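What follows is each chain in one-letter form.
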Amino acid sequence: MTSIYDPVESDLEAFQNRYIMSPELWEKFTLKGLKNVDFTKWKSIKLMNTNGDAFSNSLDLIPTEYGGIYVYTINPEVLPACGSYIMYIGMATKTSSENLRYRVKSYQKEIGINYTRERLHRLFLKWGKYIYVYFLPINSDKKNIMELESRLIGALIPPCNADIQAKSVKQAVKAFR
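All values reported here derive from a predicted model rather than from experimental measurement.

Student: Would you mind going over the pairing of strand β4 (residues 131-138) with me for this structure?
Tutor: In the case of a regular strand, side chains alternate between the two sheet surfaces. Of all the eight residues making up β4, six are buried; the element is thus mostly covered by neighbouring parts of the structure. Of the strand pairs in this sheet, strand β1 (residues 43-46) and β4 are connected by four bridges, and their pairing is antiparallel. Bridge pairing in β4 links I45 to V133. With eight bridges connecting them, strand β2 (residues 67-74) and β4 associate as antiparallel partners. When the bridges of β4 are listed, I69 appears paired with L136.

Student: What am I meant to see in the side chain of N75 here?
Tutor: Looking at the secondary structure, you find N75 in the loop between β2 and β3 (85-92). Here N75 falls in the buried class, since its relative accessible area comes to 9%. At a separation of 3.4 Å, a polar atom in the side chain of N75 contacts the side chain of Y134.

Student: Help me understand the pattern of salt bridges, please; the structure alone is not making it clear to me.
Tutor: One pass over the full model with this rule turns up six salt bridges. A salt bridge links E24 to K28; its shortest N-O distance comes to 2.8 Å. Separated by four residues within a single helix, E24 and K28 lie in helix α1 (residues 23-28), roughly one turn from each other. Judged by relative accessible area, which is 58%, K28 ranks as exposed.

Student: Honestly, the packing of aromatic side chains in this entry has me stumped. Any pointers?
Tutor: What describes a pair of aromatic rings is the distance from one ring centre to the other and the angle between the planes of the rings. This structure, assessed with the given rule, holds twelve aromatic pairs. With centroids separated by 5.7 Å and ring planes inclined at 55°, the aromatic side chains of Y70 and Y72 adopt a geometry described as tilted. Here the two residues Y70 and Y72 agree in accessibility, since each one is buried. With a centroid separation of 5.7 Å and 85° between ring planes, the pair formed by Y72 and Y107 is classed as edge-to-face. Taken as a pair, Y72 in strand β2 and Y107 in the loop between α2 (100-105) and α3 (118-127) lie far apart in primary sequence, 35 residues in all. An identical accessibility class is assigned to Y72 and Y107; each is buried. Within the aromatic cluster, the residues linked to one another by ring pairs are F55, Y70, Y72, Y88, Y107 and F124.

Student: Teacher, can you tell me more about the nonpolar core here?
Tutor: Buried together is how nonpolar side chains tend to be arranged in soluble globular proteins. In this structure, L47, Y70, Y72, L123, F124 and V133 are the most contacted members of the largest nonpolar core, which totals 24 residues. Of all elements in the fold, only β2, β3, α2, α3 and β4 reach the threshold of two or more residues within this core. A total of four residues in this core trace back to one element, the largest contributor, which is α3. The next biggest cluster of nonpolar side chains, apart from the first, holds 18 residues, and it includes I20, I69, I153 and I157.

Student: Explain the sheet that holds β3 here, please?
Tutor: Where strands meet in a sheet, backbone hydrogen bonds hold them as pairs that are either parallel or antiparallel. One open sheet holds the four strands; their spatial order is β1-β4-β2-β3, and the pairing between them is antiparallel. Strands at the two margins of the open sheet, each flanked by one partner only, are β1 and β3. For this sheet the average axis-to-axis angle between neighbouring strands, irrespective of direction, equals 25°. Packed onto the sheet, α3 meets β2, β3 and β4 and runs at close to 50° relative to β2.

Student: Just to check I follow, could you spell out the pairing of β2 for this structure?
Tutor: Of all the eight residues making up β2, eight are buried; the element is thus mostly covered by neighbouring parts of the structure. With burial as the criterion, each face of β2 is covered, one bearing G67, I69, V71 and T73 and the other bearing G68, Y70, Y72 and I74. Looking at chain direction, β2 and β3 are connected through seven bridges and run antiparallel. The residue bridging I74 from the neighbouring strand is Y85, located in β3.

How each quantity is defined
- Residues numbered from 1 in each chain as written.
- Predicted model: local features only at pLDDT ≥ 70, side-chain atom pairs only at ≥ 80, totals over all residues.
- Heavy atoms only, no water.
- Buried < 20%, exposed > 50% of the residue type's maximum accessible area, 1.4 Å probe, protein only.
- Helix = DSSP H or I, 4+ residues; strand = E, 2+ residues; numbered from the N terminus.
- Pairing = 2+ DSSP bridges.
- Polar contact = N/O pair within 3.5 Å; in protein donor to acceptor, adjacent residues only side chain to side chain.
- Salt bridge = Lys/Arg side-chain N within 4 Å of Asp/Glu carboxyl O.
- Phe/Tyr/Trp six-rings, centres within 6.5 Å; stacked < 30°, edge-to-face > 60°.
- Core = buried A, V, L, I, M, F, W, Y, C linked by side-chain atoms within 4.5 Å.
- Axes fitted to C-alpha atoms, helices over the stretch in contact; angles between N-to-C directions.
- Contact = heavy atoms within 4.5 Å.

Here you go:
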């Protein structure tokens, strides 16, 4: 009996990712002590165009008057509003040369041949049209935004984040990577 998936033509092994899903770390996550962080303000936009080969013009909806946090996810769209893979967490500050929109759009170069970040390059090439960016504008200082980014990375350990700031989490992850 055949199925809709016959034949499988791609190398499925090339699409594997390793995830660390630790309830202990999720439960330790807190916003306590962070200023001007409102988790009800998260929004999302499809990152790439319909071909998955360039960033979407929708990114112009991301505000420029704030810094904040952004998260790249893969959303397979098989089950609506169900199932995202968190791949990368980043931060942006609000300065004369940086803001949330600018920072998200700065990764456009990772699609082409002049990329500098291997993990993000592979993410964009393999799953381009399924990538969404979730973003949280934050009107706060760099230290506060950096602390939130560090806490989120420590709790979720996204596979495309190379640097984990939380020392105990970093050591535990290194033990089996």
